Amino acid sequence: MSETLALDPPGTPSATPSAERVALETSPREVLFVRFLPAPGERVVKIDLAFAGALEAALERIEGKTSARGFVFTGPGPGMFLAGADIALIRDLRDPAEAEKLAARGQRLFERIARLPRPTVAAISGPCLGGGYELALACRWRLASDHPKTKVGLPEVRLGIVPGFGGTQRLPRLLGLARALPPILTGSAYPARAAWRLGLVDDLVPDERLAELAEKAALGELPLPRRRAPRLLDRLSPVRFFVAETAKRRTLRETRGRYPAPLRAIEVASRGLGGGIARGLALEAKALAETATGPVAKNLLQLYFLREGAKRFAALDGQPLESQVKRAAVIGCGAMGAGIALLLAERGVSVRLQDADAGAIARTLERARRRFGEKVARRRMERHEAVAAMDRLQPAGDGSGLERCDLVLEAIVESLEAKRSLFAKVASRVPPGALLATNTSSLEVAAIAKGLPRPERVVGLHFFNPVEKMPLVEVVRGPETSPESAARAAALALEIEKTPLAVRDGAGFLVNRILAPYLQEASKLLVEGVLERDIDEAAVRFGLPVGPIALLDDVGLDVAAAAARTLAAAFPPRFEPPRLLERLLASQRLGRKSGTGFYRYGRNGRRVVDPDLPRVLGLPARSPGPVPQALAERLLLASVLEALRCVEEGIVERAGDVDLASVLGFGFPPDRGGILRSAMADGAESLLRRASELRARHGVRFEPCRLLLDLASSKATLA
Amino acid sequence: MSGAQRAAIFGGVRTPFCRAGTDLSSLSASDLATLVVRETLVRAGLDGSEVDEVILGCVGPDAGEANPARVAAVRAGLPVGVPAATVGRNCASGFEAITAASDRLAAGRGSLYVVGGTESMSNYPLSYPREFGRVLAAAQRARGLPAKVAAFARLRPRSFKPRVAILEGLTDPTCGLIMGKTAELLAREFRISREEQDRFACESQNRAERAREEGRLGEEILPVFAPEEGTNGSPRYREVRADNGIRPGQTVEALARLRPYFETRHGTVTVGNSSQITDGACALLLGSEERGRALGLAPLGYLRGSAYAGCEPARMGLGPVYATARVLDREGLALSDFERIEINEAFAAQVLACLRAFASERFAREELGRPRPLGEIDPARLNGNGGAVALGHPVGSSGARLVLTLLREMRRSGSRLGLATLCVGGGQGGALVLEAA
């Protein structure tokens, strides 16, 4: 032992300065444990420059030391491995050459691990993502523990970049190209069991025995499945070509060609297999440099930080807090209430279900059972967990159980009268600390809270339809809402895996207010004689998931009309009463749910053009003509201007929040980084010019707001 | 038992009682129990940590839930540290849960219990003969294909004949009689005519119908959302609000048309004048008065005393008479002290036999060793909301339902004392004396 080790006894972090981020310990059986440590004050270990330096120094010391019989790379404790590269590092990359150098540095580092003269084992408990998994891939073996925080994967493409520390090269060499591509292209973070089934790790072990079994693996005492290398097949370039082409076609279909990173990943993974790993790594570094400095990655990274930043809403005086909601009552089990209830139940909250209509409660249970059943079938949930989640959904038609609820969430009809009398009844029965949340989309929280005892506990929690899928929740602070209530409501949103967005009270809050001008503009275009198909296609070409007319049908014309009426009353004349929608509603067209709206819907849910539409709308018959230029720009510009107004009025704290909301709540294409970022890409002056042109042609709804004028004359900046 | 530590009953709730194979058939015994245990706590404003133990009666738990009380307690959200026991005394299992808790209370082991019973007779298991199990075990142990084949070769067609738990469970292994036959025996012994039985059954139905219409049953029922059976994976849910064994507008004439079920030629017991095979659960909150005060709970009534007594298995239907005699002696009461009485209606013939035995001097002398009969029971005081003939008899939960119904009836009528008693397959009776709060 003595010749190798100026190293430290087991269990104590090394005292040498270079090892602040990496500790070395030898076990009594002379296996060297390389332990990653988090930066001071951090709760996860990230690969930043200090970490890279520390790891380089550590490798310096252990390379060529022959008395170590094996090496185990592991995290500082249960649930902590290596969560990936520091994303701020990537965000700040501007120069492709510099980016390439950074990738090469990481690659060299991991290549040194791959070349260590004794068996290497990654002992994974906790997140093992991106660069963390690429390090694990450089080891001979990977053992993942069953710790609930264990997640394995290469999420890089989700941030618009390719894996850059050897992931695109080592994973195909480990699994073969065909099996390696899906994890790279989806960017999924797999739980330990799934990672093991997919071959991303070699064994799944009990968390408590991870160190012991990793040591055994390093000593060759753990029987691990020998992998039959599929490399032979991958050496044949026609096979590679076929696999790569198939993956490319599929990716193009799914990303509509908007995202370069997955395509580059396919390319470097496939071409890298054609030669030695050195050549492959060089290709990969170039691809990283290109994608990381490109506009899509910059936009996606920005959104990542905005989303992370939204966690601040769940904090009070800078201290993160929890919602403290264990028991809730959901009153009104329609589409929204039901969806919210089942998400709460899934996350361990008991939910008393109240609705005057027993059928609504029954449908809530059916919907929950379907969802949990699917989760069990896809092994995302254990059967007993599904039973427990169903047990948490507790029909309480008589209103019993309110006395112990920490949260009452109402999702009843959008009537101020009804909501106020409901809260008045509830307020005296719930414990004093209970949150009273309203899912209203069109009423003001202030009006609902007015006159209630302790109005500071009333908060808006505006979910979007369908609740299970839409990732955003607007947390609405009325004038009397206490900061604590708002923070707890935001924490609740985070706990059910939604992104909270704190908005100030006011008609339409944020999302509906920026969505409505776009929908209104679509109606205007219809009236001008543009075909609904052309309008929708223009929006989809721009990158939106569905066009505005189709979206109206999906949302439901009654719901859309209610929101539009509120806005028309609050902000005339920019917002006008929804005349077209009223006409459709008058002929019982509610959108997709009633089978007809602007479009007609077949039994299979397919959307088809309705030749009868002009007559119902009272418009002259139309014929397909030339599609007007710049349709998408006109559709969105009114929304951009409204978004700027929201910033100006302080509906949101930061302009970035609007971008985040536009992507999560509105479906604005993430690769464009958000509605304001996209609109301001060419500068405020250009935006002002375009707005002024449209103002001249189409009227007051394109009136530039004060903020835009100031921005254009550089008297203000967007926060 | 009377005195300082009488057990208070703070309230309770039951599921609708539904004929086996109907509205509640997709729910297991623990599914049903989960609902009532949870609701009992919710209505008392408790979160479960206050409870010392959950004790439920259940006669036929599903193979997958050996201790349904524990399954229900955990699923209902009680802290895992709260223990739970499933107890059995056949038809008196619900009573057994109540008396077990009150005994623990009296012994100072705890002060608050969730008690009750649950039964899903729809889900009584079918099992294979023992022989089949032995063959499977042998095949599993056998090494090599030939040995395995040889093991299976021992199977005979009869090895596959299923054993129906509900039939076997309703047959007494000590006297070899199915329960309906014991009722036939009592009908012969006490000379109870078919017509008398049908009149009694009809009255039970009519009273239950009235009680349902007047909302008296609704007060004790927790509506249940039950998934419909047979829709794989994503069933439809239906709200079940009411007992479904009640036959509106039941007449003696209609009952008279039914064929005897157990003795087809000369019998008198029909499905119409017997209790029904039913799914249902009932839970009560039971504890010391002191604890109730501390938690702000208002008692619905008190358990003053209880007794069980054995009798001839073939005459199990007379169990209430033996048990009542014993509890009257213990508490120093007379039958005439009770303003409300619930006798579980296993069979109309059996209840009528009890009424005759209560009133019979000969029975008192020869069977109970007392000089005078126990007394007459005024039919107006008996089973005011109908009984198991109309509502059904989910074996493990009936005892708890009798107590819940009786306490509510006592409160409504301002009665001071009530008696709940039932007969037990295997030859026993149980009797509880309840006091108004």
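Model, not experiment: these values are computed from the prediction.

About the cut-offs
- Residues numbered from 1 in each chain as written.
- Chains lettered and ligands numbered in written order.
- Predicted model: local features only at pLDDT ≥ 70, side-chain atom pairs only at ≥ 80, totals over all residues.
- Heavy atoms only, no water.
- Helix = DSSP H or I, 4+ residues; strand = E, 2+ residues; numbered from the N terminus.
- Rg over C-alpha atoms; globule rule 2.2 N^0.38 Å.
- Buried < 20%, exposed > 50% of the residue type's maximum accessible area, 1.4 Å probe, protein only.
- Contact = heavy atoms within 4.5 Å.
- Areas by Shrake-Rupley, 256 points an atom, 1.4 Å probe, with all protein chains shown as cover.
- Lys, Arg positive; Asp, Glu negative; His and termini not counted.
- Charge placed at Lys NZ, Arg CZ, Asp CG, Glu CD.
- Salt bridge = Lys/Arg side-chain N within 4 Å of Asp/Glu carboxyl O.
- Pairing = 2+ DSSP bridges.
- Axes fitted to C-alpha atoms, helices over the stretch in contact; angles between N-to-C directions.
- pLDDT = per-residue confidence, 0-100.
- Buried area = accessible area lost by both parts, 1.4 Å probe.
- Polar contact = N/O pair within 3.5 Å; in protein donor to acceptor, adjacent residues only side chain to side chain.
- Nonpolar A, V, L, I, M, F, W, Y, C, P; charged D, E, K, R; others polar.
- Parallel < 35°, antiparallel > 145°, perpendicular 65-115°, else oblique.
- Phe/Tyr/Trp six-rings, centres within 6.5 Å; stacked < 30°, edge-to-face > 60°.
- Lys NZ or Arg CZ within 6 Å of the ring centre and 35° of its normal.

Turning our attention to the overall build of chain A. Within chain A one finds 30 helices and 21 strands. A globule of 719 residues ought to have a C-alpha radius of gyration of about 27 Å, and chain A, at 28 Å, matches this closely. For chain A, the spread of C-alpha atoms along the three principal axes comes to 90 × 65 × 55 Å. Burial analysis of chain A (719 residues in total) assigns 57% to the buried set. Taking the contacts inside chain A whose residues are at least 6 apart along the sequence as the reference set, 72% of them involve residues at least 24 apart. Here chain A displays about 30,300 Å² of accessible surface, and carbon together with sulfur accounts for 54% of that area. Computing the positive centroid from 105 side-chain charges and the negative centroid from 84, chain A places the two 4 Å apart.

It is worth spelling out the overall build of chain B at this point. Tallying secondary structure elements over chain B gives 15 helices and 14 strands in all. Computed over C-alpha atoms, the radius of gyration of chain B comes to 22 Å, within 12% of the 22 Å expected from 2.2 N^0.38 for 437 residues, which places it in the range of a compact globule. When its C-alpha atoms are laid out on the principal axes, chain B stretches across 75 × 55 × 40 Å. Counting over 437 residues, chain B shows a buried share of 58%. Considering only contacts in chain B between residues 6 or more positions apart, those separated by 24 or more positions represent 79%.

The subject of this paragraph is the pattern of salt bridges. As enumerated under the stated definition, the model contains 87 salt bridges over all chains in all. A salt bridge links A:Lys286 to A:Glu100, with the nearest nitrogen and oxygen atoms 3.4 Å apart. With a gap of 186 residues between them, A:Lys286 in helix 12 (residues 277-293) and A:Glu100 in helix 3 (residues 96-114) connect regions that are remote in the sequence. For A:Lys286, a relative accessible area of 46% puts it in the partly exposed group. Taking the shortest distance from any N to any O, the salt bridge between B:Glu39 and B:Arg43 comes out at 3.2 Å.

Residues and elements named next belong to chain A. In this model, Asn465 is joined to Pro466 through a cis peptide bond whose omega is -5°. Position of Pro466 relative to the elements: it lies in the loop between strand 17 (458-463) and strand 18 (472-477). With an omega of 0°, the peptide bond running from Pro572 to Pro573 counts as cis. Inspection of the secondary structure assignment puts Pro573 in the loop between helix 23 (557-570) and helix 24 (579-586). Of note in this structure, Gln324 is not a glycine but carries a positive phi near 60°. Tracing the chain through its elements places Gln324 in the loop between strand 11 (319-320) and strand 12 (327-331). Even without glycine at this site, Gln588 takes up a positive phi of about 60°.

With that out of the way, let us pick up the sheet that holds strand 9 (residues 203-205) of chain A. Residues and elements named next belong to chain A. Ordered in space as 1-2-3-4-6-9, the six strands form an open sheet in which the pairing is mixed. With one partner strand each, in any of the chains shown, strand 1 (22-26) and strand 9 form the two edges of the open sheet. Going across the sheet, the axis of each strand differs from the next one's by a mean of 25°, ignoring polarity. Sheet topology note: the strand 4 (residues 120-124)/strand 6 (residues 141-145) ladder contains four bridges and is parallel. Looking across to strand 6, one finds that Ala122 is bridged to Arg142. The sheet strands contacting helix 1 (residues 49-62) are strand 1, strand 2 (31-36) and strand 3 (70-74), and the helix crosses strand 1 at an angle near 30°.

Time to look at the confidence of the model for chain B. Summing up the model confidence of chain B, the mean pLDDT is 93 and the portion of residues at 70 or higher is 98%. Here the predicted complex scores 0.90 on pTM and 0.90 on ipTM.

Let's shift gears to the pairing of strand 16 (residues 435-438) of chain A. Residue and element names in this part refer to chain A. In strand 16, alternate side chains face the same way, and those of Leu435 and Ala437 on one face and Leu436 and Thr438 on the other are all buried. With four bridges connecting them, strand 15 (residues 407-410) and strand 16 associate as parallel partners. For Leu407, the partnering residue across the bridge sits in strand 16 and is Leu435.

Attention now moves to the interface of chain B and chain A. Of the residues lining the interface, 18 residues belong to chain B; the matching set on chain A comes to 19 residues. Both sides of the chain B and chain A interface together cover about 1,500 Å² of buried area, and 51% of this is carbon and sulfur. Looking at the side of chain B facing chain A, the largest losses of area belong to B:Arg38, B:Phe225 and B:Tyr237, adding up to 39% of the total buried there. Our enumeration of links across chain B and chain A arrives at six salt bridges. For the salt bridge of A:Glu366 with B:Arg236, the shortest nitrogen-to-oxygen distance reads 3.8 Å. Taken together, the links from chain B to chain A amount to seven residue pairs in polar contact (both at pLDDT 80 or more). It is helix 1 (residues 29-44) of chain B that contributes the most residues to the side of chain B that touches chain A, five residues altogether. Taken together, the residues of the side of chain B that touches chain A sort by class into six nonpolar, four polar and eight charged.

All names here are of chain A. With respect to the helices, strands and loops of the structure, Leu321 is situated in the loop between strand 11 and strand 12. On a C-alpha basis, the gap between Leu321 and Arg158 in space is 28 Å, while along the polypeptide they are 163 residues apart. Beyond its immediate sequence surroundings of up to four residues, Leu321 is in contact with Ala314, Ala315, Leu316, Ala487, Arg488 and Ala491.

All names here are of chain B. The buried fraction of strand 1 (residues 7-14) is high, at eight of eight residues. The pairing of strand 1 with strand 11 (residues 301-310) spans three bridges and is antiparallel. Its bridge partner lying in strand 11, Ala7 is registered against Leu303. With six bridges joining them, strand 1 and strand 10 (residues 278-287) adopt antiparallel strand pairing. Bridging across to strand 10, Ala8 finds its partner in Gly287.

All names here are of chain A. Spatial ordering of the open sheet is given by 14-13-12-15-16-17-18-19, a layout of eight strands whose pairing is mixed. The outermost strands of the open sheet, each flanked by one partner alone, are strand 14 (393-395) and strand 19 (499-504). On average, adjacent strands in this sheet sit at an angle of 25° to one another, irrespective of strand direction. Two elements, strand 17 and strand 18, share four bridges in a ladder whose sense is antiparallel.

Residues and elements named next belong to chain B. Where helix 8 (residues 194-213) meets helix 12 (residues 348-359), the closest approach of the two axes is 9 Å, and the angle between their N-to-C directions is 100°. Judged by the inter-axis angle, helix 8 sits roughly perpendicular to helix 12. Mapping the contact onto sequence places Glu196, Gln197, Phe200 and Ala201 in helix 8 and Ala348, Ala349, Val351, Leu352 and Arg356 in helix 12. In the contact of helix 8 with helix 12, the residues fall into six nonpolar, one polar and two charged.

To continue, consider the packing of aromatic side chains. Under the criterion given, the structure shown has 13 aromatic pairs over all chains. With centroids separated by 6.3 Å and ring planes inclined at 50°, the aromatic side chains of B:Phe190 and B:Phe363 adopt a geometry described as tilted. Within this pair, whereas B:Phe190 is found in the loop between helix 7 (179-189) and helix 8, its partner B:Phe363 is found in helix 13 (residues 361-368), the two being separated by 173 residues in sequence. For the residue pair B:Phe190 and B:Phe363, the accessibility class agrees, reading buried in each case. Between the NZ or CZ atom of A:Arg607 and the centre of the ring of A:Tyr599, over which it lies, the distance is 5.8 Å. For B:Arg89, the ring lying beneath its charged end belongs to B:Tyr308, and the centroid distance is 3.5 Å.

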